[in-house]
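Survey of secondary and tertiary structure
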Amino acid sequence: MPNSRLPNSIFFTLVALGAAQLCFYAPRIPEILGSHFSRGGFVNGWQTRTAFFGTELGMIVLATAVSFGVPRIIAAAPVALLNLPHKEYWMAPERREDTLAYIRVWSAWFGCGLLAFSLFAVELVFRANLHTPPRFSNAAFVPALLAFVAFATMLVLRLILHFKNSG
């Protein structure tokens, strides 16, 4: 049975990092900050600091829901409502706990990737706003986005391959 201890620990470390990030930048960034940037890294959208922090908190809540809420919903849902290949096989009483454990671990890893990418993007926004005028680093963002897409693709492929066959 897969163990979710490592991804859960990483996730909660990332949440702590997000809190530290917020505490560090709160006194350093302007009250109105650039929150959306063009391809050239120039600001084309603004937000209050409070609204931006609310957005960051929302991203953490979303990643938490993906990591921990979705597996609980799947575990509580009737098998008839699940969209899972060969669900009768995977959700049979003798395999149900292993299947749910796999989904919990998969979701925890996906949540880690989502939260790490989100916190990195927010870090770039904070750093951009320490300068006048703010300038976003697309040179740092694009490789991070590509890494997240590759990570998510690898996870989705693993999920598909895991549940592709019955036995």
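Each value, and the rule that gives it
- Residues numbered from 1 in each chain as written.
- Predicted model: local features only at pLDDT ≥ 70, side-chain atom pairs only at ≥ 80, totals over all residues.
- Heavy atoms only, no water.
- Helix = DSSP H or I, 4+ residues; strand = E, 2+ residues; numbered from the N terminus.
- Rg over C-alpha atoms; globule rule 2.2 N^0.38 Å.
- Buried < 20%, exposed > 50% of the residue type's maximum accessible area, 1.4 Å probe, protein only.
- Contact = heavy atoms within 4.5 Å.
- Areas by Shrake-Rupley, 256 points an atom, 1.4 Å probe, with all protein chains shown as cover.
- Lys, Arg positive; Asp, Glu negative; His and termini not counted.
- Charge placed at Lys NZ, Arg CZ, Asp CG, Glu CD.
- Salt bridge = Lys/Arg side-chain N within 4 Å of Asp/Glu carboxyl O.
- Polar contact = N/O pair within 3.5 Å; in protein donor to acceptor, adjacent residues only side chain to side chain.
- Patch = residues over 30% accessible without salt bridge, like charges linked within 9 Å, V, L, I, M, F, W, Y side chains within 5 Å.
- Expected span 1.5 Å × (residues − 1).
- Arc of directions from axis to C-beta.

On to the overall build of the protein. A count of helical and extended segments in the protein gives five helices and two strands. Reading the protein from its N terminus to its C terminus gives the helix and strand order α-β-β-α-α-α-α. The C-alpha atoms of the protein give a radius of gyration of 19 Å, which is well past the 15 Å a tight globule of 167 residues would have. Along the first, second and third principal axes, the C-alpha atoms of the protein reach 60 × 25 × 25 Å. Expressed as a percentage of its 167 residues, the buried residues of the protein come to 38%. Across the protein, contacts joining residues at least 24 apart in sequence account for 70% of those joining residues at least 6 apart. Of the roughly 9,700 Å² of accessible surface on the protein, a fraction of 68% belongs to carbon and sulfur atoms. Looking at the protein, you have 13 positive and 7 negative side-chain charges, and the mean spots of the two groups are 6 Å apart.

Glancing now at the pattern of salt bridges. A full pass over the atoms with the stated rule returns three salt bridges. Salt-bridge contacts for R95 lead to E94; the nearest nitrogen and oxygen are separated by 3.3 Å. The partner of R127 in a salt bridge is E123, and the shortest N-O contact between them spans 2.8 Å. Placement of both R127 and E123 in helix α4 (residues 96-128) is noted, with a separation of four residues, approximately one turn of the helix.

Let us now look at the environment of N3. Assignment of secondary structure puts N3 in the segment before α1 (5-25). N3 sits in the partly exposed class, given a relative accessible area of 48%. Sequence-wise, N3 and F141 are 138 residues apart; in three dimensions their C-alpha atoms are separated by 32 Å. A polar side-chain atom of N3 sits 2.7 Å from the main-chain amide nitrogen of R5.

Nonpolar side chains collect at one region of the surface, where V156, L157 and I160 lie side by side and expose about 250 Å² of accessible area between them. Mapped onto the secondary structure, L157 falls in helix α5 (residues 138-164). With a relative accessible area of 46%, L157 lands in the partly exposed category.

Here the focus is α1. The end-to-end C-alpha distance of α1 is 30 Å, a good match for the 30 Å that 21 residues give at a rise of 1.5 Å each. Among the residues of α1, those classed as buried are P7, N8, F11, L14, G18, Q21 and Y25. For α1, the arc enclosing every buried residue in end-on projection is 135 degrees, short of the 170-degree limit, so these residues lie on one face. Those residues of α1 that are exposed and aimed more than 90 degrees away from the buried face are R5, L6, T13 and C23. Elements that come into contact with the buried residues of α1 comprise α2 (49-76) and α4.

As a further point, take the side chain of N129. Structurally, N129 is set in the loop between α4 and α5. Looking at N129, its side chain comes within polar contact range of the main-chain nitrogen of G34, at 2.7 Å. Apart from the residues lying within four places of it in its own chain, the contact partners of N129 are I29, P30, L33, G34, F37 and P134.

Turning our eyes to something else, we now look at unusual backbone geometry. Leaving glycine out, the prevailing phi sign among residues is negative, and the prevailing peptide bond configuration is trans. With an omega of -10 degrees, the peptide bond running from T132 to P133 counts as cis. Position of P133 relative to the elements: it lies in the loop between α4 and α5. Positive phi is not limited to glycine here, since H86 has a value of about 55 degrees. Position of H86 relative to the elements: it lies in the loop between α2 and α3 (87-90).

Taken by themselves, the reported measurements are silent on function.
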